[in-house]
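If you want the building blocks of each chain, they are given just below.
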Amino acid sequence: MNTAQLPWQRFAALQLAKRHWQCLPEEIPVAEQSAFQAQLTRQMALELAICRHYPADNTVGQLAALVRKEQAGFMDTHGFTHDEQQAVAVHQAHVTSVMNRVARKAPPPDDQEVVAWYQANAARFCRPAQRKARHILLTCDNDEDRAPERAQIAAIVQAVTESPGCFADQALRFSHCPSAMEGGLLGWISPGLLYPELDSCLFSLEKGQLSEVVETVLGLHLLLCEDIRPAEALDEAVALEKSRAWLTEQARKRYQQQWLSSLLTLPAAH
């Protein structure tokens with residue numbers, strides 16, 4: 001790395017290398033160095049142009065404090081001094097303050113656009129079907145011989161089958177899951193939150209149904225589906241506001257990109 005670089009330039013090089021190559025700049029393979037240098041050169045040119053042509057506003061102090069806090073560990077690790085860290089924070093805050101100002105100039109989506117986008121993407125605004133579940137886990141001391149745990153969980157299955165209301169008691173007595181203290185209660189579960197084996201099992205159960213024994217790397221599991229909450233659309237007013245927020249963010253990003261594309265052609269400070 002070029003030690004003559006300014007702190008913010010060194011920071012930019014490190015961040016880019018870590019983000020896209022997961023290594024230090026000097027560790028990037030020779031075959032990819034040109035791509036790295038091209039990206040870095042463009043990024044530095046844009047940041048320099050921003051700072052030369054546009055003044056920071058009165059948010060820069062607060063933004064610099066946030067940058068300093070968020071990046072302190074990274075900069076400590078890579079040997080930035082106290083003064084260098086402050087310089088990086090001020091530079092990054094300057095760039096961010098200008099970019100925020102530019103983003104706010106983007107024309108907002110109109111009501112017709114918001115409604116049309118919402119109607120075309122209504123499926124995004126549904127709460128998925130959920131299951132209210134209880135869970136018993138028996139961890140296994142010996143993965144090669146789970147016979148003792150299989151015998152124990154078979155006894156639990158028999159007890160719950162004979163007396164469906166005793167699942168919570170069985171969980172409290174025997175489960176190794178942290179939910180044991182709540183009688184095995186996991187609460188309302190959305191798809192994708194559990195181990196895949198448990199997820200597919202739970203969402204195949206009917207209300208009040210006890211699962212088969214499920215085996216995972218954690219051990220042996222038993223699930224009880226206490227209730228089912230079907231998928232439900234969000235309130236339309238809430239969905240429209242979320243649609244507006246998403247479209248506004250996309251418009252601001254596009255506006256920023258267009259602005260950045262023209263920035264390097266500016267002849268003098270504005």
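A. Inspection of the environment of E149 at higher detail. You can see E149 is positioned in helix α6 (residues 147-162). What E149 contacts, discounting residues up to four positions off in sequence, is L138, T139, C140, D141 and L220.

B. Up close: the nonpolar core. I136, L138, C140, I153, I156, V160, C166, F167, A171, L220, L222 and L224 together form the largest nonpolar core, which totals 12 residues. Breaking this core down by element, the ones donating at least two residues are β2 (130-139), α6, α7 (167-174) and β5 (219-229). What L224 contacts, discounting residues up to four positions off in sequence, is K132, A133, R134, F167, G208, Q209 and L210.

C. Spotlight on α7. When α7 is considered as a whole, its buried residues turn out to be F167, Q170 and A171. Each buried residue of α7 lies within a common arc of 100 degrees when the element is viewed along its axis, so the set occupies one face. Those residues of α7 that are buried lie in contact with β2, α6 and β5.

D. Here's a closer look at the sheet that holds strand β3 (residues 185-189). Pairing is antiparallel across the open sheet formed by four strands, whose spatial order is β3-β2-β5-β4. Strand pairing shows two members of the sheet lacking a second neighbour, β3 and β4 (214-216), which therefore form its edges. Each strand of the sheet is rotated relative to its neighbour by a mean of 35 degrees, with strand direction disregarded. Two strands pair when backbone bridges link them, and β2 and β5 are joined in this way by 10 bridges, in the antiparallel orientation. What sits directly across from Q130, in β5, is R229. Along the sheet face, α6 touches β2, β4 and β5 and points at about 25 degrees away from the line of β5. The sheet strands contacting α7 are β2 and β5, and the helix crosses β2 at an angle near 35 degrees.

E. Molecular detail of helix α1 (residues 7-21). End to end, α1 covers 21 Å across 15 residues, agreeing with the expected 21 Å (1.5 Å per residue, within 8%). All of the buried residues in α1 are P7, W8, Q9, R10, F11, A12, A13, L14, L16, A17 and W21. Where α1 is buried, its residues contact α2 (30-53), α3 (60-77) and α4 (82-103).

F. How the structure looks around the environment of A171. As for its placement among the helices and strands, A171 is situated in helix α7. According to the relative accessible area criterion, A171 is buried, its value standing at 0%. Between the C-alpha atom of A171 and that of A64, which follows or precedes it by 107 residues, the distance is 51 Å.

Thresholds, definitions, all that
Residues numbered from 1 in each chain as written. Predicted model: local features only at pLDDT ≥ 70, side-chain atom pairs only at ≥ 80, totals over all residues. Heavy atoms only, no water. Helix = DSSP H or I, 4+ residues; strand = E, 2+ residues; numbered from the N terminus. Contact = heavy atoms within 4.5 Å. Core = buried A, V, L, I, M, F, W, Y, C linked by side-chain atoms within 4.5 Å. Buried < 20%, exposed > 50% of the residue type's maximum accessible area, 1.4 Å probe, protein only. Arc of directions from axis to C-beta. Pairing = 2+ DSSP bridges. Axes fitted to C-alpha atoms, helices over the stretch in contact; angles between N-to-C directions. Expected span 1.5 Å × (residues − 1).

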